[in-house]
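# Notes for the structure review
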Protein chains: 2
Amino acid sequence: MPISEKQDPFKRSISHVLEIIGEGWSLLIIREAFFGVHRFEEFQSQLGIARNILTARLKKLCENQILERVPIKEGAKRHEYMLTTKGKELMPVLIALTQWGDRWIFGENSEPVIFMDKEHNEPIEKIKVLSARGIDLRPREIMVVPGPGSTPESKKRIEEMHRRLSSNGGA
Amino acid sequence: MPISEKQDPFKRSISHVLEIIGEGWSLLIIREAFFGVHRFEEFQSQLGIARNILTARLKKLCENQILERVPIKEGAKRHEYMLTTKGKELMPVLIALTQWGDRWIFGENSEPVIFMDKEHNEPIEKIKVLSARGIDLRPREIMVVPGPGSTPESKKRIEEMHRRLSSNGGA
DNA sequence: GCTAAAAGTTTTATTATAAAACTAAGTGGA
DNA sequence: TCCACTTAGTTTTATAATAAAACTTTTAGC
C-alpha cells in the first residue's frame, strides 16, 4: 500500500480506513458480498478480477474482519466469505457512493439500481449529513474539531485549517 | 486503472465511481480540499504524495470536474484547485467513511476528529440509511431493484441476486 | 535584476496488478 | 471405490502503476 500518512490522528482518520478498504477491488468485493456472493469462484467470475489478487484481497479483508471465512457446512474444509457486522456497516458508504454516482455520473433519472426499503417496498431516502436537530447540512455548514483521539499535532493541524477556511470565505 | 467492469450498468453503478475517486490518493486530496488546502505545494506537503502522482491525480480530478483549476487572482497564471459542487457533494461519503473508521478502527471514544454543525456548534448526527418513513434501516432490510438505467443483463443479475439471498436467509 | 518559492516534468527504481497455466484437494455420480 | 469435475487457490511471467529524487520553468517579492 502506497498511502501511509503515519503522522497524526487527524490524517489517519480517513487514510487508515482507506488502507483497509481503499485498495483496488476491495469495495467491489464488499458490494458483491452484500448482494449474496460468498464463494471464491463467484467473486472471480462476477468481477473478472485476477485470481491471485482476489486471494490477496479476501485475505486482507478477513484479516481486518470485514469478511469472515466460514465452513460451507458443519465440519467442511471448504469455506465461504461472509460479511461480519463490521463489514455490513459499510453499507452507508456504499450507498453514499452509489447515490453520488447516480446524481453526477448517470444522471438523475438513469440510475442503474435503486435501493429499496425491503419491508415497505419503496425507495430509501437519499443519504444526507444531518445536524443533531435533524436539519440537512451543506458542506460549508460543517466544520471539524479535535476529538478524544486527537494529539497536539492534530489539534495544530485543525487550527491551521480553521485559519485557512476563515481567511477564504469557506471554499 | 485496473478495475473495469465494462459489462452491465448494475456493476458500473459503483465501479464507475471508483474509477473516478477510488484511486490511491484521490479521496485524501478531496479531504484536504474540504479542509481548505488548494495549492499544489500544500497538497504535496500535507500528504507526502509523490509530485508526479499528485500532478496526475489533480489532472484527473479536474477532468472529472471534482476539482476546478482557478487562477489565484484575476489574470494570474498560477492557479489553485477548488472543489466544485460535484466535489463538495462527496462530503457524505467522506463522513460515512470517517464514522465507520471511528467506530471500527479507532473505537467509540477515541475519534481523532469530530464533525460539527458549524452554526450550532454541536456534533452532527451519525450518517444513516433511512427509509422514506425516516426509519433507520439495517443492511438486511435493504434490497436493490433495477432502476431506469438498467438493462436486460443487469435485471438478470439482480434476479440472480434475489434468488441467492432468499435461498440463504439474507446474509 | 536577483532570489526563492511554486508548480510541475523527467528519469529511474520499486512495487502492484494482470493473465494464464498449474496444483491439490473436495464432491458427485457410476 | 474410482474417475472426472469443480473449487480454491498458487506460481510464474509480463505489464502497468507508484515512489523518490533530481531537474526545469515560471513568477512573486524585494
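Below, the structure is looked at part by part. These numbers come from a predicted model, not from an experiment.

### Looking at the overall build of chain A
The secondary structure content of chain A amounts to seven helices and five strands. Helices and strands appear in chain A in the N-to-C order α-α-α-α-β-β-α-α-β-β-β-α. The globule rule puts the C-alpha radius of gyration for 171 residues at 16 Å, and the 20 Å found for chain A is more than 25% above it. Oriented by its inertia axes, the alpha-carbon framework of chain A measures out at about 60 × 40 × 30 Å. Put simply, chain A has 171 residues, and 52% of those count as buried. Taking the intrachain contacts of chain A between residues at least 6 apart in sequence as the baseline, contacts between residues at least 24 apart amount to 40%. Element-wise, carbon and sulfur atoms account for 49% of the exposed surface of chain A, whose accessible area totals about 8,100 Å². Separation between the mean location of the 27 positive side-chain charges and that of the 24 negative ones in chain A comes to 6 Å.

### Details of the interface of chain A and chain B
Counting from both sides, the interface comprises 96 residues of chain A and, opposite them, 97 residues of chain B. Roughly 9,100 Å² of surface becomes buried between chain A and chain B when both sides are summed, with 66% attributable to carbon and sulfur atoms. The largest share of the area that chain A buries against chain B comes from A:Ile14, A:Phe35 and A:Trp100, three residues that together contribute 8% of it. The interface formed by chain A and chain B contains seven salt bridges. As a salt-bridge pair, B:Glu42 and A:Arg164 come within 2.4 Å of each other at their nearest N and O atoms. Applying the counting rule to chain A against chain B returns 28 residue pairs in polar contact (both at pLDDT 80 or more).

### Considerations on the relation of the copies chain A and chain B
The two copies are related by a screw operation: chain A maps onto chain B through 180 degrees of rotation and 0.0 Å of translation along the axis, at an RMSD of 0.1 Å. On this basis, the relationship between the two copies can be described by a two-fold rotation axis. No C-alpha of chain A approaches the rotation axis more nearly than that of A:Val93, which lies at 2.9 Å. Taken together, the interface assignments show that 100% of the residues at the interface of chain A recur at the interface of chain B, consistent with an identical surface on both copies.

### Comments concerning the packing of aromatic side chains
Per the stated rule, a full pass over the model turns up zero aromatic pairs over all chains. Positioned over the ring face of A:Trp104 is A:Arg103, at 4.5 Å from the centre of the ring.

### A closer look at the nonpolar core
In terms of nonpolar packing, the biggest core is built from 88 residues, with A:Ile29, A:Ile30, B:Ile29 and B:Ile30 touching the most fellow members. Ignoring sequence-local partners within four residues, the contact set of B:Ile29 consists of B:Phe43, B:Leu47, B:Ile49, B:Leu54, B:Arg57, B:Leu58, B:Leu61 and B:Leu67.

### Brief notes about the sheet that holds strand S4 (residues 122–123) of chain A
What the three strands build is an open sheet, ordered S4(A)-S3(A)-S5(B); its pairing is antiparallel. Each edge of the sheet is formed by a strand with only one pairing partner; in this case those strands are S4 of chain A together with strand S5 (142–146) of chain B. When strand S3 (residues 113–117) of chain A meets S5(B), the two strands line up antiparallel, connected through five bridges. Pairing of A:Asp117 across the sheet is with B:Ile142, part of S5(B). Across the sheet, helix H6 (residues 91–106) of chain A touches S3 of chain A together with S5 of chain B, and the angle it forms with S3(A) is around 135 degrees.

Calculation notes
Residues numbered from 1 in each chain as written. Chains lettered and ligands numbered in written order. Predicted model: local features only at pLDDT ≥ 70, side-chain atom pairs only at ≥ 80, totals over all residues. Heavy atoms only, no water. Helix = DSSP H or I, 4+ residues; strand = E, 2+ residues; numbered from the N terminus. Rg over C-alpha atoms; globule rule 2.2 N^0.38 Å. Buried < 20%, exposed > 50% of the residue type's maximum accessible area, 1.4 Å probe, protein only. Contact = heavy atoms within 4.5 Å. Areas by Shrake-Rupley, 256 points an atom, 1.4 Å probe, with all protein chains shown as cover. Lys, Arg positive; Asp, Glu negative; His and termini not counted. Charge placed at Lys NZ, Arg CZ, Asp CG, Glu CD. Buried area = accessible area lost by both parts, 1.4 Å probe. Salt bridge = Lys/Arg side-chain N within 4 Å of Asp/Glu carboxyl O. Polar contact = N/O pair within 3.5 Å; in protein donor to acceptor, adjacent residues only side chain to side chain. Least-squares fit on C-alpha atoms with pLDDT ≥ 70 in both. Phe/Tyr/Trp six-rings, centres within 6.5 Å; stacked < 30°, edge-to-face > 60°. Lys NZ or Arg CZ within 6 Å of the ring centre and 35° of its normal. Core = buried A, V, L, I, M, F, W, Y, C linked by side-chain atoms within 4.5 Å. Pairing = 2+ DSSP bridges. Axes fitted to C-alpha atoms, helices over the stretch in contact; angles between N-to-C directions.

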